[in-house]
Amino acid sequence: MLLRCVLRIPYRSTTTRLVENVLRKMSTADTLSAEITKQTAVLNELRLQNNDPARLDATKRELGELKRRLAAITKANDSSANGAAVVSSDKDEAKKRERLLLKTAKGTRDYGPAEMYCREHIERIVKDLFTTYGGSCLDTPVFERKDILAGKYGEDQKLIFDLMDQGGEQLALRYDHTVPLARYIAMSGATIQGKIWQVGKVYRRDSPVMSKGRMREFMQADLDIVGVWDPMIPDAEIVSLLCTILSKLDVGEFTIKINHRKILDGIFEVCGVPLDKIRTISSAVDKLDKLPWSDVKKEMTEEKGLSPDVADKIGEYVKHKGGPSLLDQLKADETLMSNPSAKQGVQDMELLFTLLKAYNNVIDRILFDMSLARGLDYYTGIIYEAIVEASAPPGFSSANAVLPPPAIDGAPTPAPVKKSKKPKAKPLEDDEEIDESQVGVGSIAAGGRYDNLVSLFTSAAAGEGKKGASLPCIGVSIGLDRIFAIIWPKWVEKGMRSKETMVYVMAAGDGLLEQRIQLVQELREAGIKTDFLAKKKPKLPAQFAAAEKDEVPFDIILGADELKEGLVTVKEQRWEFVDGKKAKVQSTDQGTKVRREELVSWLKSTPTYLNWSSGRLI
């Protein structure tokens, strides 16, 4: 105390110092928040002006750095505030307690009843066609042993969701349905033959773009043909199935891009790509649907160490796309045909095109695209993916990926939208926010032949040096969330319903609860989807409002006098679009008297009931 008096240092309590520190940091946080608001406005302005990509990237990086600094200060403030509260009292600590943040995890979302009705409509069509093509259903666990998934996905291996150690097992969420299916086949002794389908959620630790159906948790529907069959017949069946599904789903105009891994590998070999670089170079080529050739070549040469001359030779091949006539051009290339892998791939594609001509309305949907690579390591033969107009990023055409479009006289050639590059060392959670307006939906379905995946498991299980049983497979994966992102706006625009309820039973006057329940049950047993208001004595306007909310086409009104005569009143409701919004058609019709014993047959004979299909606008 004497020393403090001599030096004239004022006494401050620990609490005072903590509070001052918090206030100082809060001031810094306010400054950063204002700076973030300002920088966000600048970024939006640059996007609207289609400004220089370099300046746009620099602005985005500055905004990301400001957000990270604010997050760090906020975290420090919380710690300091908690420290001050502990010194003050337990009561103050309770006041400082952080509120629960009610939100879904990054890359996931909820679907409301109306959205789920649309999703179920999509899923029903897919499952129905899977069974139409002779498929049988399989279900596998949503998580697998990590060693089952490891080494199967090439550069996408980093996208696997690892789970914490569970009783000694290292686990991971499934990345797709293909590897679990191969594991299942291997466990059965590789004796399964036939068509197998699965529908379920898969997980990828990717940067999500929610509005385009690109998420971390998403639904995939797969059908695979397993076993030894005559060449290219299962391949043609899968392509036909995919065309049929997409046509039935009404996704709009679509194209199925096709290539062959053996042709692609042969091209790499004759161009001089080292064997140990073929898969990584293949992964780079696969980005030509969203990046210009200059960027892909830069990745090949600067990031993956390929010679520029070799990259240019590859570019001459992968720029080609077309139909069956492209095969004639490849067969005339003596250098390429001297490669056994490429020659076999060309022969397979010839047979495939011949078979596809036997299917109706398939061959016109096919584009032989030599830039298609598919990044997964397990593909061995034909590969394909389905794209729609919304697949590519806005302003970018995959058709122009290799060569720039011709410039109009007096106007500069527009540059395709480029993906911003993020430092590899930065953890995925810290990735910059993605501008969703500059991202496409991507492919809505994809797949290919994988003849060696099952043997990877059987050989590994047999032990070192032993060869396990092999079983060829080919399959397709359909991205149901990406298809939903395309169909949902159309669904809303057409005024589709969100329920299948066809009849709403109500009472006039006295509640007639028991009579309502009896009629509801009678209609349900007859296969008519029916509902009623769960009130003892509901008012008639409340019952009409409940039926109108669910857009129920038939209101059945019970009255005491009509029931004595064995009659019910049926009033049919209709909806229309007024100024772009769906509204109920107002009518003075008092309804139709129907004999109670004839009610079921009367309802089922009406045009509304006969013409009903899931989601159809009433």
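So, how was this worked out
Starting afresh in each chain, residues are numbered from 1 along the sequence in its written order. Given that this is a predicted model, residues contribute local features only at a pLDDT of at least 70 and side-chain atom pairs are listed and counted only at 80 or more, while totals for whole chains, interfaces and linings are drawn from all residues. Computation of side-chain values: all heavy atoms of the structure, hydrogens and water removed. Only protein chains enter the area calculation, which uses a 1.4 Å probe; residues under 20% of their type maximum are buried, those over 50% are exposed, and those in between are partly exposed. Helix and strand definitions here come from DSSP, where helices need a minimum of 4 consecutive H or I residues and strands a minimum of 2 consecutive E residues; each element is numbered from the N-terminal end. The convention used is that axes are lines fitted to C-alpha atoms, helices contributing only their stretch in contact, and that angles between N-to-C directions extend from 0 to 180 degrees. Just so you know how the angles are binned, under 35 degrees is roughly parallel, over 145 roughly antiparallel, 65 to 115 roughly perpendicular, and the rest oblique. Crossing handedness is defined as follows: a turn of the near helix away from the far one that is anticlockwise and smaller than a right angle gives a left-handed crossing, while the clockwise case is right-handed. Residues count as neighbours in contact if any of their non-hydrogen atoms are within 4.5 Å of one another. Ten residues, namely Ala, Val, Leu, Ile, Met, Phe, Trp, Tyr, Cys and Pro, are considered nonpolar, four, namely Asp, Glu, Lys and Arg, are considered charged, and the remaining ones, Gly among them, are considered polar. Only when DSSP finds a minimum of two bridges between them are two strands counted as paired. What the arc covers is the set of directions going from the helix axis to the C-beta atoms.

**Student:** Explanation requested: unusual backbone geometry in the structure shown.
**Tutor:** Trans peptide bonds make up the majority, and among non-glycine residues the majority have a negative phi. The backbone of Asn361 shows a phi angle near 55°, a positive value even though the residue is not glycine. Under the relative-accessibility criterion, Asn361 is labelled exposed at 67%. Even without being glycine, Leu512 reaches a positive phi, approximately 45°. Examined against the element boundaries, Leu512 turns out to sit in the loop between strand 13 (503–507) and helix 18 (513–525).

**Student:** Explain the packing of helix 5 (residues 113–132) against helix 8 (residues 233–249) to me, please; I cannot follow it from the model alone.
**Tutor:** Relative placement of two packed helices is described by the angle separating their axes and the distance separating the axes. One way to put it is that helix 5 packs onto helix 8 with a least axis distance of 10 Å and a crossing angle of 150°. As judged from the angle between their axes, helix 5 and helix 8 are roughly antiparallel. Pair helix 5 / helix 8 crosses with right-handed handedness. Here helix 5 contributes Ile122, Ile125, Val126, Leu129 and Phe130 to the contact with helix 8, which in turn contributes Leu241, Thr244, Ile245, Lys248 and Leu249. By residue class, the composition of the contact of helix 5 with helix 8 is 8 nonpolar, 1 polar and 1 charged.

**Student:** What is the right way to look at the sheet that holds strand 13 in this model?
**Tutor:** Judged by pairing direction, the sheet is mixed, and its 5 strands sit side by side in the order 14-13-15-16-19 without closing on themselves. Two strands in the sheet have a free side with no partner beyond their single neighbour: strand 14 (530–532) and strand 19 (592–595). The mean angle between the axes of side-by-side strands here comes to 30°, regardless of whether they run parallel or antiparallel. Sitting on the sheet, helix 18 touches strand 13, strand 14 and strand 15 (554–558), and the angle it makes with strand 14 is about 165°. The sheet strands contacting helix 19 (residues 540–549) are strand 13 and strand 15, and the helix crosses strand 13 at an angle near 175°.

**Student:** What should I look at first to understand helix 19 in this one?
**Tutor:** Given 3.6 residues per turn, any residue in an α-helix points the same way as the ones three and four places further on. Those residues of helix 19 that fall on the buried side of the exposure criterion are Gln543, Ala546 and Ala547. Down the axis of helix 19, the smallest arc covering the buried residues is 95°, so these residues share one side. Across helix 19 from its buried face, at more than 90 degrees, point the exposed residues Pro541 and Lys549. Of the surrounding elements, those touching the buried residues of helix 19 are strand 13, helix 18 and strand 15. In the segment just after helix 19, Glu551 is the residue with positive phi, at about 55°.

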